[in-house]
Number of protein chains: 2
Amino acid sequence: MDRKNEKSEAKGGGKGGNKPFQLDKHEIIERIPNFHLLPKPVKRRVYALKRLQLQSANIEAKFYEEVHELERKYAGLYQPVYDKRREIVSGAVEPTDEECEWHSDQEEDDLAENLQKKAALEEKPADSADSVDQKGVPDFWLTVFKHVDLLGEMLQEHDEPILKHLQNVTVKFSEPGKPMTFTLEFHFESNSYFSNTLLTKVYHMKSEPDNNDPLSFEGPEIVDCEGCKIDWHKGKDVTVKVVKKKQKHKGRGTIRTVTKEVPQESFFNFFNPVKASPEGMDEELDFTIATDFEIGHFFRERVIPRAVLYFTGEALEDDESFEEEDLEEGEEEDLDEEGDEEEEGDFDPTA
Amino acid sequence: MDRKNEKSEAKGGGKGGNKPFQLDKHEIIERIPNFHLLPKPVKRRVYALKRLQLQSANIEAKFYEEVHELERKYAGLYQPVYDKRREIVSGAVEPTDEECEWHSDQEEDDLAENLQKKAALEEKPADSADSVDQKGVPDFWLTVFKHVDLLGEMLQEHDEPILKHLQNVTVKFSEPGKPMTFTLEFHFESNSYFSNTLLTKVYHMKSEPDNNDPLSFEGPEIVDCEGCKIDWHKGKDVTVKVVKKKQKHKGRGTIRTVTKEVPQESFFNFFNPVKASPEGMDEELDFTIATDFEIGHFFRERVIPRAVLYFTGEALEDDESFEEEDLEEGEEEDLDEEGDEEEEGDFDPTA
């Protein structure tokens, strides 16, 4: 019985989602209570099997390098599609009727149906004078971001006017032979907030087994990232807010008001990531970093390749299956809540 | 507000984990309340973007075919390692001292330490006379299976004596150009339960976008599987149990006892999978099938490549990160419980 208690404690230590991949030695002992009972000759053979497992891990590392090569090759094949997307979104080109042909499937029918129902209730007509001469797809990436639950509270109302100037998001893979990285590139039109037209976030991958724990290798893993300096125009930096503070002069007792800048939640903190703490020194910090890595991976794997599906919302069900397969009721409720929060943003009447 | 209620309902409909990938039309409407408000010219451009997304999906399908090719190539590179594993497990070859050299890391130290502590309490000495002349690694695959939580109640006590005869588990990939499949092969030594020496389970993958919903393509997906006929020796079939039934003769009213076979939980039902029901006709059936697919995928991706880590228990933490990343407290507790159930098996004194 107390064995179970021990076990729960061991697991308890890992709670909170930080370092979810670390092996729990205690756990191992609990799981193989009879390992120490194995006759020495058998134990010896098991060690031989573990040595073979090291060989497998090294072969696996080569496999993932070749997959990375494939990804670089296919990045080239996707490029023309992404270029065309950029041109349509920005309004640089107007698609032909043929290019816009979309066979109305069930979903479209539902939308159309819904249109009639809702249009009645709407104060604003479907085609208002001010909107007919809009270029491309206005607020495309802003809308995409609003539909990415993972961005959560990172995306603030004060970020939205800035993200209206975001024109494209792309990913660049490291050259063959170089250390494995991918770089997210956020392309902005010139705007009144900062002078950069390109903001970047580089993610560094560890693509070979770790010497300290080679058998836990599961393929390339994000291990570090770098943001970039944003050259904010004076008073436009949304990652800080100015607060007034009263100071009392010790001697004279006169009171004066000073202003100081304090950090503020913003999507643009994404470009100024916190650095990892020494192994588990700071659980909250480690969690923040794990989330940042998750977001970076998600941009690369989902948002960039399927942006239009986030714009329309069609990608959302997929994400859930992406984040965790076959949901338990409990988890599903969690997701509902996230979804709702997200939604308040979507339905903001001021939007 | 009631919009949220609608949403929860829509989500509620998807509960239970069956068909987690299916798009919920209702959901879409909720997520893009303003889609129908987009000016026609903008909507038109969005359709153009969706057509581009179809092109991406088809490129992605080619990418995954090349990955499958890579997997076939690497299956060849892993083969010598797997062969050596088989030989050591079966006792066909005795590894050299060099091959057994294992630098005692933290984990090994813990094990050693634990050995002293526990050995004292154990009735059975570490090297009992009957065990020193054991060949290879006895019960290797049985022990591996016991450590795979996913097999859950599939693995019954009456399966264990049979699985002691399981000598190897391998995976075969489909030939290039052929429809994408993988075959799990379970190699048995001749035994008193069935005459087969090879049991197989074939998984069929759908590797290109589905015409009905091409934009939801996420790479190859298991869509069907086939088991194989097990030629059980008389009275040895553990997938059925014999029950006695009393029958009363209508006319004479005499009572006679008849015996009939009824299905029984067993790992070997894995080779007689249920067939899919027409779209969501039977949620429980669909869930059973989803679980079977998950197990097949798990054998291919985890159990076969890392068998020794399941034998020692080291792979277990990884699985959790494999099933769902950064765990919520609630989920983690769920996993604890599973773990404990699993464990009761491991600690079965009769084992």
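The residue numbering used here restarts from 1 in each chain and proceeds along that chain's sequence as written. Chains and ligands are labelled sequentially in the order written, the chains with letters from A and the ligands with numbers from 1. With pLDDT at 70 or above as the cut-off, local features in this predicted model cover only qualifying residues; side-chain atom pairs require 80 or more to be listed or tallied, and sums for whole chains, interfaces and linings still use all residues. Values shown for side chains rest on all heavy atoms present in the structure; no hydrogens or waters enter the calculation.

1. So, the overall build of chain A
Then, in step 1: Helix and strand counts for chain A stand at 12 helices and 6 strands.
Then, in step 2: Each residue is placed in one exposure class: buried if its accessible area under a 1.4 Å probe, protein chains only, is under 20% of its type's maximum, exposed if it is over 50%, and partly exposed if it falls in between. When each of the 351 residues of chain A is scored for burial, the buried share is 47%.
Then, in step 3: Using a 1.4 Å probe, accessible areas were evaluated by the Shrake-Rupley method; residue-level cover was limited to the displayed protein chains. Only carbon and sulfur atoms are counted for the fraction: they give 51% of the accessible area of chain A, which is about 17,900 Å². Think of it this way: any DSSP run of H or I at least four residues long counts as a helix, any run of E at least two long counts as a strand, and we number them from the N terminus.

2. Notes on unusual backbone geometry
For residues that are not glycine, phi is negative in most cases, and the peptide bond is trans in most cases.
Residue and element names in this part refer to chain A.
Then, in step 1: Even without a glycine there, the phi angle at Asp-139 is positive, about 55°.
Then, in step 2: Here Asp-139 is to be found in the loop between α6 (129-132) and α7 (140-146).
Then, in step 3: Judged by relative accessible area, which is 27%, Asp-139 ranks as partly exposed.

3. Describing the pattern of salt bridges
Then, in step 1: Salt bridges are counted wherever a side-chain nitrogen of Lys or Arg sits within 4 Å of a carboxyl oxygen of Asp or Glu. Applying the stated rule across the entire model yields 40 salt bridges over all chains.
Then, in step 2: Across the pair Glu-94 of chain A and Arg-45 of chain B runs a salt bridge whose closest N-O atoms are separated by 3.0 Å. Of the two residues, Glu-94 of chain A is situated in the loop between α3 (40-90) and α4 (97-100) and Arg-45 of chain B in helix α3 (residues 40-90); the pairing between them involves two chains.
Then, in step 3: Classification of Glu-94 of chain A as partly exposed rests on a relative accessible area of 45%.
Then, in step 4: A cluster of three or more residues bridged by salt bridges with shared partners is formed by Arg-44 and Arg-45 of chain A together with Glu-94 and Asp-97 of chain B.

4. Quick look at helix α9 (residues 283-303) of chain A
Then, in step 1: Given a helix with a known number of residues, its expected span is that number minus one, times 1.5 Å. For α9 of chain A, which comprises 21 residues, the first-to-last C-alpha distance of 28 Å matches the rise-based estimate of 30 Å (1.5 Å per residue) to within 8%.
Then, in step 2: Turning to α9 of chain A, its buried residues number three or more, namely Asp-286, Ile-289, Asp-292, Phe-293, Ile-295, Gly-296, Phe-298, Phe-299, Arg-300, Arg-302 and Val-303 of chain A.

5. What to know about the sheet that holds strand β4 (residues 221-226) of chain B
Residue and element names in this part refer to chain B.
Then, in step 1: One bridge is not enough; two strands pair if DSSP finds at least two bridges between them. Spatial ordering of the open sheet is given by β1-β2-β3-β4, a layout of 4 strands whose pairing is antiparallel. Strands at the two margins of the open sheet, each flanked by one partner only, are β1 (166-173) and β4. Strand-to-strand twist in this sheet, taken as the mean axis angle between neighbours without regard to direction, amounts to 20°.
Then, in step 2: In this sheet, strand β3 (residues 198-206) lies alongside strand β2 (residues 181-188) in antiparallel orientation, the contact comprising 7 bridges. Paired with His-187 across the bridge in β3 is Leu-198.
Then, in step 3: Strands β1 and β2 of the sheet are contacted by α3, whose axis makes an angle of about 170° with β1. Helix axes are fitted only over the stretch in contact, all axes being lines through C-alpha atoms; the angle between N-to-C directions runs from 0 to 180 degrees. Any two residues having at least one pair of non-hydrogen atoms within 4.5 Å are treated as being in contact.

6. A closer look at the environment of Tyr-74 of chain B
Then, in step 1: Within the fold, Tyr-74 of chain B resides in helix α3.
Then, in step 2: Residues within four places of Tyr-74 of chain B in sequence aside, it is in contact with Ile-59, Lys-62, Phe-63 and Glu-66 of chain A.

7. Some thoughts on the state of the cysteines
Residue and element names in this part refer to chain B.
Then, in step 1: Note on disulfides: each one is a pair of cysteine sulfur atoms within 2.5 Å. In the structure shown here, the tally under the stated rule is 0 disulfides over all chains.
Then, in step 2: For Cys-225, which is in no disulfide, the shortest distance to another cysteine sulfur is to Cys-228 and amounts to 12 Å.
Then, in step 3: Relative accessible area serves as the criterion here: at 3%, Cys-225 is assigned to the buried category.

8. Comments concerning α3 of chain B
Residue and element names in this part refer to chain B.
Then, in step 1: Its 51 residues give α3 an end-to-end C-alpha distance of 70 Å, which sits within 8% of 75 Å, the value for a rise of 1.5 Å per residue.
Then, in step 2: Where α3 bends most, the angle comes to about 40°, and this point is Tyr-78, followed within four residues by the proline Pro-80.
Then, in step 3: With its phi angle positive at about 90°, Gly-91 sits one or two positions after the end of α3. Two axes enter the definition of the bend at a residue: one is fitted to the seven residues ending there, the other to the seven starting there, and the bend is the angle between them.

9. Let's talk about the pairing of β3 of chain B
Then, in step 1: Bridging between β3 of chain B and β4 of chain B involves 5 bridges; their strand directions are antiparallel. Note on β4 of chain B: the bridge partner recorded for Met-205 of chain B is Ile-222 of chain B.

10. Topic: the packing of aromatic side chains
Then, in step 1: Between the rings of Phe, Tyr and Trp (Trp by its six-membered ring), a pair exists once the centres lie within 6.5 Å; its type follows the angle of the planes, with under 30 degrees stacked, over 60 edge-to-face, and the other angles tilted. Across all of its chains, the model carries 54 aromatic pairs over all chains by this definition.
Then, in step 2: Relative to Phe-271 of chain B, the ring of Phe-270 of chain B lies with its centre 5.6 Å away and its plane at 80°, an arrangement referred to as edge-to-face.
Then, in step 3: Among the aromatic side chains, those forming a connected cluster through ring pairs are Phe-145, Phe-186, Phe-188, Phe-194, Trp-232, Phe-267, Phe-268, Phe-270, Phe-271 and Phe-299 of chain A.
Then, in step 4: Over the ring of Tyr-193 of chain A we find Lys-236 of chain A, and its NZ or CZ is 5.1 Å from the ring centre.
Then, in step 5: We note Lys-201 of chain B situated over the ring of Phe-270 of chain B; from NZ or CZ to the ring centre the distance is 3.5 Å. A ring is considered to have a charge above it if a Lys NZ or an Arg CZ atom is located within 6 Å of its centre and within 35 degrees of its normal.

11. Thoughts on the confidence of the model for chain A
Detailed reading of predicted coordinates is not advised where the pLDDT is low.
Residues and elements named next belong to chain A.
Then, in step 1: Averaged over every residue, the pLDDT of chain A is 78; the share at 70 or more is 70%.
Then, in step 2: Note: pLDDT gives the predictor's confidence per residue, expressed from 0 to 100. Across chain A, element-level confidence peaks in strand β2 (residues 181-188) with a mean pLDDT of 98 and bottoms out in helix α1 (residues 2-13) with 29.
Then, in step 3: The low-confidence segment residues 123-131 (pLDDT under 50) makes 10 contacts with residues lying over four places distant or belonging to another chain.
Then, in step 4: A low-confidence stretch, residues 318-351 (pLDDT under 50), is modelled with 70 contacts involving residues beyond four sequence positions or located in other chains.
Then, in step 5: Prediction confidence for the complex, expressed as pTM and ipTM, is 0.75 and 0.75 respectively.

12. Here's the deal with the sheet that holds strand β3 (residues 198-206) of chain A
The pairing of strands in a sheet happens through backbone hydrogen bonds and is either parallel or antiparallel.
All names here are of chain A.
Then, in step 1: Reading across from one edge, β1-β2-β3-β4 is the order of the 4 strands in this open sheet, with antiparallel pairing throughout. Strand pairing shows two members of the sheet lacking a second neighbour, β1 (166-173) and β4 (221-226), which therefore form its edges. Taken over all neighbouring pairs, the strand axes of this sheet differ in orientation by 20° on average, direction set aside.
Then, in step 2: Packing against the sheet, α3 makes contact with β1 and β2, and its axis sits at approximately 170° to β1.
Then, in step 3: In this fold α9 packs onto β1, β2, β3 and β4, with an angle of close to 75° to the strand it touches most, β2.

13. Examining the packing of α3 of chain A against α3 of chain B
Then, in step 1: The interhelical angle for the contact between α3 of chain A and α3 of chain B, taken along N-to-C directions, is 165°, at an axis separation of 9 Å. Classified by the angle their axes make, α3 of chain A and α3 of chain B are roughly antiparallel. As α3 of chain A packs across α3 of chain B, the resulting crossing turns out to be right-handed.
Then, in step 2: Of the residues belonging to the contact of α3 of chain A with α3 of chain B, the class tally is 26 nonpolar, 4 polar and 16 charged. Convention used here: angles under 35 degrees read as roughly parallel, angles over 145 as roughly antiparallel, angles from 65 to 115 as roughly perpendicular, and any remaining angle as oblique. Each helix crossing is assigned a hand: it is left-handed if the near helix lies turned anticlockwise from the far helix by less than a right angle, otherwise right-handed if that turn is clockwise. Any residue outside Ala, Val, Leu, Ile, Met, Phe, Trp, Tyr, Cys, Pro, Asp, Glu, Lys and Arg is labelled polar, Gly included; the first ten of those are nonpolar and the last four are charged.

14. Looking at the environment of Thr-257 of chain B
All names here are of chain B.
Then, in step 1: Along the chain, Thr-257 turns up in strand β6 (residues 255-263).
Then, in step 2: Of the residues examined, Thr-257 reaches a relative accessible area of 45% and is grouped as partly exposed.
Then, in step 3: Thr-257 sits 10 residues away from Gln-247 along the chain, and the two C-alpha atoms are 6.0 Å apart.
Then, in step 4: Apart from residues no more than four positions distant in its own chain, Thr-257 is found in contact with Lys-244, Lys-245 and Lys-246.

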